Each structure stands twice: as structure tokens, then as C-alpha cells.
Amino acid sequence: QKEVEQNSGPLSVPEGAIASLNCTYSDRGSQSFFWYRQYSGKSPELIMFIYSNGDKEDGRFTAQLNKASQYVSLLIRDSQPSDSATYLCAVISNTGNQFYFGTGTSLTVIP
Amino acid sequence: DAGVTQSPTHLIKTRGQQVTLRCSPISGHKSVSWYQQVLGQGPQFIFQYYEKEERGRGNFPDRFSARQFPNYSSELNVNALLLGDSALYLCASSLVTNGHQYFGPGTRLTVT
């Protein structure tokens, strides 16, 4: 079982729609969760981080964490073509010294 | 403030050779981590250093080594290069070991 699992996609949504990206993790003791965006040929860029159960909103982005289900999600509202990228879920291990990334979900926003 | 910087940008090496990659963290960040990213995959954790000490190691062979200097910059060394080492090598810095990380632009290594 991989430490972090994501659907690789591709996920396509029309412009203005909500894009929903999902991630599950295996280390029940994990405390810190991150979403990164990676454009083709570029390095990952931090979008959101969440530490507590529930929702965290930042502009058009909402991260949701459910530790009981070991599930993290990212919602992108009013999706724009510039949101087209690969979205990486990352988790820090319980010991705090191991970082695990999922394989990423490719998102395409269709104008 | 300058972000994380890495050098070189691109590198071509031959199988069996050795390579050294360099990283300078964001000013004030004391933790540096190294990742390997092959095409179509997420970054794979190689090492984390904090205050010049190794704090975490991923599942990579002993051919991979790293160190952190007093100014918090870091080097990643890979010996006896294999074709499978061809990848984008990413450096990330953070204030603390379990803080959110900021990535540099990466070094694209090609082994022929």
C-alpha cells in the first residue's frame, strides 16, 4: 500500500465549474497535509496546508481533512484555464521526518 | 526575498560517473530536503537535513548522500550513476522539519 494515493486522472472540468481532487493516506498518525500545484516542466508550488479536521478556505481553494477516514481533498471553485496543472497531495509522517507525495492528479479546465 | 535556488539547471552524465547537485534555501530556513521526481510520478523523498544533521532518509541506495553546510545550503551527491537516476532533482526548504516546504526550480539530470 502506498503512503499517499491519488487518482491520476486526467480530470477535465469546464471553466467556472468546481474541480474536486481527492487523496487518501495510510499513516494514521500523520499530522500535516499539503496540496501543491505543478505546471508542466516546473517545480511544485504550495497551494494549501491543513492540520485540523474540517475545512480550510483560501480564495477559490478549499482543503478538507477527515483524519478518521484518512482522507484529504481539494476543491477549486470557479475553475480557470490557468488552474490546468497536476495537483500533488503531500503528507508528513507521524515522526515528522518523512514526506510522502502522491503521484498527482492532472486537471484540465476547458474554456 | 530570493526563493530556493538550485544549480546546475541541467546536467548530462554518463553511467558510472558521479554528480553533485547544489541547493541554497530561502533565507532563514534551516531545513533542506531533497526529492527525486521521474516523469509522471510525484516527488520521492530522499533526505532531510536540519541544522546540518540528517533528520530523515527515504528508500534510496547508499549511492545517494547529502550534507548541509553551516550557511544551511546543501549538496546532494550521487555515485555510480545508473540510467534510472535520470530525473528532476528537487530541493525544498522549510523553517522547521515538519513545516510546509518551498521548492526550488530543480536540476534535470540525464544519465546516458
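Residues numbered from 1 in each chain as written. Chains lettered and ligands numbered in written order. Predicted model: local features only at pLDDT ≥ 70, side-chain atom pairs only at ≥ 80, totals over all residues. Heavy atoms only, no water.

Concerning the interface of chain B and chain A
Counting residues at the interface gives 23 residues for chain B, matched by 18 residues for chain A. Summing the contributions of chain B and of chain A, the shared interface buries around 1500 Å²; its carbon and sulfur component is 54%. Counting every contact that joins chain B to chain A gives zero salt bridges. On inspection of chain B and its partner chain A, the count reaches five residue pairs in polar contact (both at pLDDT 80 or more). (Contact = heavy atoms within 4.5 Å. Buried area = accessible area lost by both parts, 1.4 Å probe. Salt bridge = Lys/Arg side-chain N within 4 Å of Asp/Glu carboxyl O. Polar contact = N/O pair within 3.5 Å; in protein donor to acceptor, adjacent residues only side chain to side chain.)

Side note on the packing of aromatic side chains
As enumerated under the stated definition, the model contains 12 aromatic pairs over all chains in all. When the ring of A:Phe101 is compared with that of B:Phe103, the centres are 5.9 Å apart and the planes differ by 70 degrees; the resulting orientation is edge-to-face. In this pair, A:Phe101 sits in strand β10 (residues 99-101) while B:Phe103 sits in strand β10 (residues 102-103), so the two residues belong to two different chains. Assigned by exposure class, A:Phe101 and B:Phe103 land together as buried. Between B:Phe47 and B:Tyr49, the ring centres sit 6.1 Å apart and the planes meet at 55 degrees, which makes this aromatic pair tilted. By relative accessible area, which is 7% here, B:Tyr49 ends up buried. Site record: aromatic cluster; members linked through ring pairs are A:Tyr36, A:Phe99, A:Phe101, B:Tyr35, B:Phe45 and B:Phe103. When the ring centre of A:Phe61 is taken as origin, the NZ or CZ atom of A:Arg60, which lies over that ring, is 5.5 Å away. (Phe/Tyr/Trp six-rings, centres within 6.5 Å; stacked < 30°, edge-to-face > 60°. Helix = DSSP H or I, 4+ residues; strand = E, 2+ residues; numbered from the N terminus. Buried < 20%, exposed > 50% of the residue type's maximum accessible area, 1.4 Å probe, protein only. Lys NZ or Arg CZ within 6 Å of the ring centre and 35° of its normal.)

Focus on unusual backbone geometry
With an omega of -10 degrees, the peptide bond running from B:Ser7 to B:Pro8 counts as cis. Within the fold, B:Pro8 resides in the loop between β1 (5-7) and β2 (10-13). With phi around 50 degrees, A:Asp78 is a residue other than glycine that occupies positive phi space. With respect to the helices, strands and loops of the structure, A:Asp78 is situated in the loop between β8 (71-76) and β9 (85-92). By relative accessible area, which is 40% here, A:Asp78 ends up partly exposed. The backbone of B:Ala80 sits at a positive phi, close to 45 degrees, despite the residue not being glycine. Here B:Ala80 shows up in the loop between β8 (74-78) and β9 (87-94). With relative accessibility at 38%, the residue B:Ala80 sits in the partly exposed group.

Points about the pairing of strand β4 (residues 31-37) of chain B
Each regular strand displays side chains that alternate between the two surfaces of the sheet. All names here are of chain B. Counting buried positions along β4 yields seven of seven residues, so the element is predominantly enclosed. Because side chains alternate across β4, one face comprises the buried residues Ser 31, Ser 33, Tyr 35 and Gln 37, and the other comprises Val 32, Trp 34 and Gln 36, equally buried. Pairing of β4 with strand β5 (residues 44-50) involves six bridges; the strand directions are antiparallel. In the strand pairing of β5, Tyr 35 is matched with Phe 45. In textbook terms, the turn of a hairpin is the stretch between consecutive antiparallel strands, and for β4 and β5 this stretch comprises six residues, one of which, Gly 40, has a positive phi near 85 degrees. Relative to β9, β4 runs antiparallel, the two being bridged by seven bridges. Looking at β9, one finds that Val 32 is bridged to Ser 93. (Pairing = 2+ DSSP bridges.)

Describing the sheet that holds β1(B)
Residues and elements named next belong to chain B. Pairing is antiparallel across the open sheet formed by four strands, whose spatial order is β1-β3-β8-β7. Each having just a single partner strand, β1 and β7 (64-68) make up the two edges of the open sheet. Along the sheet, successive strands turn relative to each other by an average axial angle of 15 degrees, direction set aside. The pairing of β1 with strand β3 (residues 19-24) spans three bridges and is classified as antiparallel. What sits directly across from Ser 7, in β3, is Arg 22. (Axes fitted to C-alpha atoms, helices over the stretch in contact; angles between N-to-C directions.)

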